[in-house]
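Breakdown of the fold
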Amino acid sequence: MSEERNNAPAQDLSEILQVRRDKLKSFQEAGRDPFVQTRYERTAWTREITSDYDAYAEKTVAVAGRIMSKRGMGKAIFCHIKDDRGQIQLYVRSDAVSAEEFADFRKYDIGDIIGASGYVFKTKTGEVSVHVQSVTLLSKSLRPLPEKFHGMTSTELKYRQRYVDLIMSEETRRVFEIRSRFISYVRRYLDGQGFLEVETPILNTISGGATARPFVTHHNTLDIDMYLRIATELHLKRLVVGGMERVYEIGRCFRNEGMDTKHNPEYTSIEWYMAYADFNDMRRMTEEMVSGAAMELLGTYHLTWLGQEIDLTPPWRCMTMAEAVKEYLGVDFMAISGDAEAVAAARAAGIDMDGVEPTWGHALYECFDQKVEEHMIQPTFITMHPVDVSPLAKRSPADPRLTERFECFVCRSEICNAFSELNDPIDQRERFLKQAELRAAGDEEAGMMDNDFINALEYGLPPTGGIGFGIDRCVMLLAGCDSIRDVILFPTMKPLGSSKDENKAEEKPVEAPVEAPVVEEKIDFSNVVIEPLFQDQVDFETFSKSDFRAVKVLECEAVPKSKKLLKFTLDDGSGEKRTILSGIHAFYEPEELIGKTCVAITNLPPRAMMGIESCGMLISAVHHEGEEEKLHLLMVDPHIPAGAKLY
């Protein structure tokens with residue numbers, strides 16, 4: 001017995017591609033071109049047959065799918081085909097099909113798509129199979145699939161070639177089935193609550209509804225710049241003004257910001273708004289929807305995410321932001337009244353307030369953001385955010401410094417943000433003006449003045465509760481995925497070969513068997529300026545104590561609220577993960593550094609940066625070209641193991 005393999009180490013990929021094209025040509029010359037097939041009449045799915053054998057035993061069926069394995073035994077050939085719902089074994093005998101069909105079937109490759117008809121039976125080993133009586137090639141696969149026992153070994157390639165990932169990985173398929181079913185569940189939940197699904201513009205002349213940097217495009221006919229929406233909020237609230245009291249929208253939003261395991265430039269959100277409700281109603285609905293989805297999709301409230309055991313059983317914990325800061329940081333902001341005292345208390349607690357407005361509200365928020373959020377493992381509602389960071393939320397009647405707002409956190413990740421919506425047009429105008437001032441001062445994430453929205457509020461917005469959910473993060477939670485890219489079918493990727501890209505996929509696709517000649521890159525250093533060599537002597541004993549090590553980048557993400565810092569999670573060979581922050585975001589995106597081998601000093605004392613302890617320093621090379629500073633992170637051969645000492 002012999003079994004065909006998906007890989008052939010001794011055979012160059014270009015040869016494999018040519019062999020498959022030659023087979024296709026031979027079929028075409030014989031008048032059996034698979035690509036002229038227009039349809040195939042399938043009568044049963046593989047899973048229907050394998051799960052209900054008694055109903056199909058000895059009956060003739062027509063199945064179709066992709067060949068995933070193939071092995072021959074003289075005059076008999078076994079193969080497995082995979083369709084949209086599962087796999088089934090086919091048994092092809094030379095005396096059960098025509099001589100031409102059997103000869104052709106011998107030439108079929110793993111990855112080819114076929115249609116086969118025959119009767120259902122069980123083999124001697126008890127495997128449900130189809131005894132083939134007719135077989136047709138429906139599409140010829142001109143590229144080999146990854147080796148079946150290991151699948152796609154490059155994570156980056158899985159994202160770039162999702163179609164291959166879906167062929168090879170049942171787990172990937174499961175994730176996107178959960179995503180589809182979750183979105184269906186959300187629609188049914190809201191429809192059952194009397195909500196109406198609507199659609200609002202993606203292109204806008206004003207960027208609003210959230211604090212984020214937008215994508216800018218240009219409308220040629222109108223000759224105006226437009227913004228891809230960063231949120232659906234302001235249009236949905238206009239509809240509530242218009243008398244549509246319960247509305248929701250599921251759709252893509254776009255934010256021109258960094259990419260990491262929790263952020264993708266385009267993502268799917270759901271926002272809903274409910275007249276005559278407040279943020280407490282939104283909290284109740286959040287618990288019902290998320291826990292209900294877990295029970296319906298997974299059959300349990302208990303799941304594992306990001307290495308933590310999570311319990312979604314309602315009710316969930318609820319505490320104010322000030323209570324959380326007092327519990328985990330020991331600072332009681334409710335006993336502090338002045339801005340200066342609040343900022344001083346935050347700094348004393350190790351909070352980085354550089355570049356932050358020196359107000360009571362910002363100090364409270366930074367304490368939570370930098371030091372307390374990391375403790376939010378089990379589902380927790382953090383309520384009563386400062387008005388300084390909540391430009392669209394209604395002030396608390398009990399304390400005008402705070403708003404009726406909550407964020408829900410699970411495993412240190414925010415999954416939703418909700419308000420009692422601000423419906424005072426005078427207050428809203430003042431907050432928009434404040435945002436406009438920040439934007440004019442250079443804050444690209446600050447909101448713009450939306451005069452039409454103010455106009456809408458002046459007609460009267462009833463008391464309204466509103467909420468925004470990240471669909472992608474909810475799916476990460478339910479499917480147990482570590483990265484947002486695992487739950488987006490086609491995540492944003494840097495094009496291969498771009499100027500910044502050094503992270504070539506280890507399974508780089510070959511487009512043609514002809515290799516291009518190697519041209520040595522010539523680099524012009526004539527306009528490069530470097531710092532003069534350091535002439536003063538350095539005490540050798542002190543220098544020799546610096547511990548330079550090779551480190552592997554396990555994770556890399558942008559630090560929230562920082563335009564410069566990247567947070568690296570590193571393997572330094574010690575068995576413990578090391579965190580180092582580096583101000584190189586202007587030169588690298590986080591995604592391109594994951595998996596790299598770098599050089600770091602590992603025995604420096606910890607240093608707090610943006611409230612995060614940075615334990616060491618990554619080494620970079622810096623030079624200037626004219627007025628422009630250039631930086632290259634020092635990366636070394638990936639064969640060097642983590643922890644290797646550099647001399």
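Heads up: the structure comes first, above all this text.
Residues numbered from 1 in each chain as written. Predicted model: local features only at pLDDT ≥ 70, side-chain atom pairs only at ≥ 80, totals over all residues. Heavy atoms only, no water.

Some thoughts on the overall build of the protein chain
We apply this condition: Each helix is a run of DSSP H or I of at least 4 residues and each strand a run of E of at least 2, with the numbering of both proceeding from the N terminus. Only protein chains enter the accessibility calculation, which uses a 1.4 Å probe; a residue is then buried when its area is under 20% of its type maximum, exposed when over 50%, and partly exposed in between. Residues count as neighbours in contact if any of their non-hydrogen atoms are within 4.5 Å of one another. Each accessible area is a Shrake-Rupley result for a 1.4 Å probe, and residues are judged covered by the shown protein chains and nothing else. Counted as positive: Lys and Arg. Counted as negative: Asp and Glu, with His and the chain ends omitted from the count. Taken as the charge centre is NZ of Lys, CZ of Arg, CG of Asp or CD of Glu, depending on the residue.
Per the secondary structure count, the protein chain includes 16 helices and 29 strands. Taken over the C-alpha atoms alone, the protein chain extends approximately 90 × 75 × 55 Å along its principal axes. Burial analysis of the protein chain (647 residues in total) assigns 47% to the buried set. Long-range pairs, those at least 24 residues apart, make up 65% of the contacts in the protein chain with a sequence separation of at least 6. Accessible surface, the protein chain: about 32,300 Å² in total, of which carbon and sulfur atoms supply 52%. Of note, the protein chain has its 76 positive side-chain charges centred 6 Å away from the centre of its 105 negative side-chain charges.

A short note on the sheet that holds strand E22 (residues 566-571)
Within a sheet, each strand pairs with its neighbour through backbone hydrogen bonds, oriented either parallel or antiparallel. For clarity, the threshold we go by: In this analysis, strands are considered paired if DSSP registers two or more bridges between them.
If you walk across this open sheet you meet the five strands as E23-E22-E21-E24-E27, and the pairing is antiparallel. Every other strand in the sheet has two partners, leaving strand E23 (577-582) and strand E27 (617-618) as the edge strands with one partner each. Here six bridges tie E22 to E23, and the two strands are oriented antiparallel to one another. Directly across from Phe568, in E23, lies its bridge partner Ile580.

Here's the deal with the pairing of strand E14 (residues 308-311)
The pairing of strand E13 (residues 302-305) with E14 spans four bridges and is antiparallel. Each bridged residue has a counterpart across the sheet, and for His302 the counterpart in E14 is Asp311. Counted along the chain from E13 to the antiparallel partner E14, the turn is two residues long, and its residue Leu306 has a positive phi close to 50°.

Let's talk about helix H15 (residues 471-479)
Along H15, nine of the nine residues are buried, which leaves the element largely enclosed by surrounding structure. Buried within H15 are the following residues: Ile471, Asp472, Arg473, Cys474, Val475, Met476, Leu477, Leu478 and Ala479. Looking one or two residues past H15, Gly480 carries a phi angle of roughly 70°, positive in sign.

As for the sheet that holds strand E12 (residues 266-275)
In spatial order, the strands read E7-E11-E12-E19-E18-E17-E16-E15; together these eight strands make up an open sheet with mixed pairing. Of all the strands in the sheet, the pair left with one neighbour each is strand E7 (196-197) and strand E15 (317-320). With five bridges joining them, strand E18 (residues 413-420) and strand E19 (residues 464-470) adopt antiparallel strand pairing. Paired with Phe419 across the bridge in E19 is Gly466.

Some points on the environment of Asp482
With respect to the helices and strands, the residue Asp482 is situated in the loop between H15 and strand E20 (528-529). Separated by 114 residues in sequence, Asp482 and Phe368 place their C-alpha atoms 23 Å apart. Here Asp482 is in contact with Thr261, Leu306 and Met476, once residues within four sequence places are set aside.

Focus: the pattern of salt bridges
Where side chains of opposite charge bring their charged atoms close, a pairing between them can arise. Cut-off, in case you're wondering: Any Lys or Arg side-chain nitrogen located within 4 Å of an Asp or Glu carboxyl oxygen qualifies as a salt bridge.
Tallied over the entire structure, the rule returns 37 salt bridges. In this structure, Arg85 and Glu48 form a salt bridge, with 3.6 Å as the shortest nitrogen-oxygen distance. Of this pair, Arg85 sits in the loop between strand E3 (76-83) and strand E4 (86-93) while Glu48 sits in helix H2 (residues 46-51); the two residues are 37 residues apart in sequence, bridging distant segments of the chain. Among the ionic pairs, Arg347 bridges to Asp354, the shortest N-O distance being 3.7 Å.

Description of the packing of aromatic side chains
To be explicit about the condition: Classification of ring pairs uses Phe, Tyr and Trp, with its six-membered ring standing for Trp, and accepts pairs whose centres are within 6.5 Å; under 30 degrees between planes counts as stacked, over 60 as edge-to-face, and the remaining range as tilted. Geometrically, a lysine NZ or arginine CZ counts as sitting over a ring once it is within 6 Å of the ring centre and also within 35 degrees of the ring normal.
Throughout the structure, instances matching the rule amount to eleven aromatic pairs. Of note, Arg42 hangs over the ring of Trp45, and the distance from its end group to the ring centre comes to 3.8 Å. Across the ring face of Phe381, the terminal group of Arg283 is positioned such that the distance to the ring centre comes to 5.8 Å.

Looking at helix H4 (residues 99-107)
Our working rule: The directions from the helix axis to the C-beta atoms form the arc being described.
Residues of H4 that are buried: Glu101, Phe102, Asp104 and Phe105. Viewed end-on, H4 has its buried residues packed into an arc of 165°, placing them on one side of the element.

Some remarks on a nonpolar patch on the surface
For clarity, the cut-off: Only residues whose relative accessible area exceeds 30% and that form no salt bridge are eligible for patches; like-charged ones are grouped when within 9 Å, while nonpolar side chains (Val, Leu, Ile, Met, Phe, Trp, Tyr) are grouped when within 5 Å.
Together, Tyr163, Leu489 and Phe490 make up an exposed nonpolar region whose accessible area comes to about 330 Å². Within the fold, Tyr163 resides in helix H6 (residues 162-168).

A word on the environment of Glu357
Heads up, the condition is: Pairs of N or O atoms within 3.5 Å make up the polar contacts considered here, provided that, within protein, one atom can donate a hydrogen while the other can accept it, and that residues adjacent in sequence are counted only when both atoms are side-chain atoms.
With respect to the helices and strands, the residue Glu357 is situated in the loop between helix H11 (339-348) and helix H12 (360-372). On the basis of relative accessibility, which here comes to 26%, the residue Glu357 falls in the partly exposed class. As for Glu357 and Lys371, which are separated by 14 residues in sequence, their C-alpha atoms are 18 Å apart. Once residues lying within four places of it in the same chain are set aside, the contact partners of Glu357 are His362, Lys434 and Leu438. For Glu357, the side chain forms a polar contact with the side chain of Lys434, separated by 3.2 Å.

Here we look at the nonpolar core
Under the convention used in this document: Only buried residues count toward a nonpolar core. Its members are Ala, Val, Leu, Ile, Met, Phe, Trp, Tyr and Cys residues joined through side-chain atoms within 4.5 Å.
Grouped together as the largest cluster of nonpolar side chains are 76 residues, with contacts concentrated most on Phe182, Trp272 and Phe469. Not counting residues within four places of it along the chain, the set of residues in contact with Phe469 comprises Thr268, Ser269, Ile270, Trp272, Thr286, Met289, Val290, Ile415, Cys416 and Cys474. Counting residues in hydrophobic clusters, the runner-up holds 32 residues, among them Phe27, Ile49, Ile110 and Leu145.

Things to note about the side chain of Arg431
Within the secondary structure, Arg431 is located in helix H13 (residues 425-440). The exposure class assigned to Arg431 is buried, which follows from its relative accessible area of 7%. If we ignore the near neighbours within four places in the chain, the residues touching Arg431 are Val387, Ser390, Pro391, Leu392, Ala393, Lys394, Arg395, Thr403 and Leu422.

Details of the pairing of strand E9 (residues 216-219)
Across four bridges, E9 lies against strand E10 (residues 224-228) in antiparallel orientation. Its bridge partner being in E10, His219 is matched across the sheet by Ile224. Hairpin geometry of E9 and E10 is characterised by an intervening segment of four residues between the two adjacent antiparallel strands and by a positive phi of about 55° at Asp223.

With respect to the side chain of Thr172
Residue placement: Thr172 occurs in helix H7 (residues 170-192). Of note is the side chain of Thr172, whose polar atom sits 3.1 Å from the side chain of Asp165. The contact partners of Thr172, leaving out residues within four places of it in the chain, are Arg162, Asp165 and Leu166.

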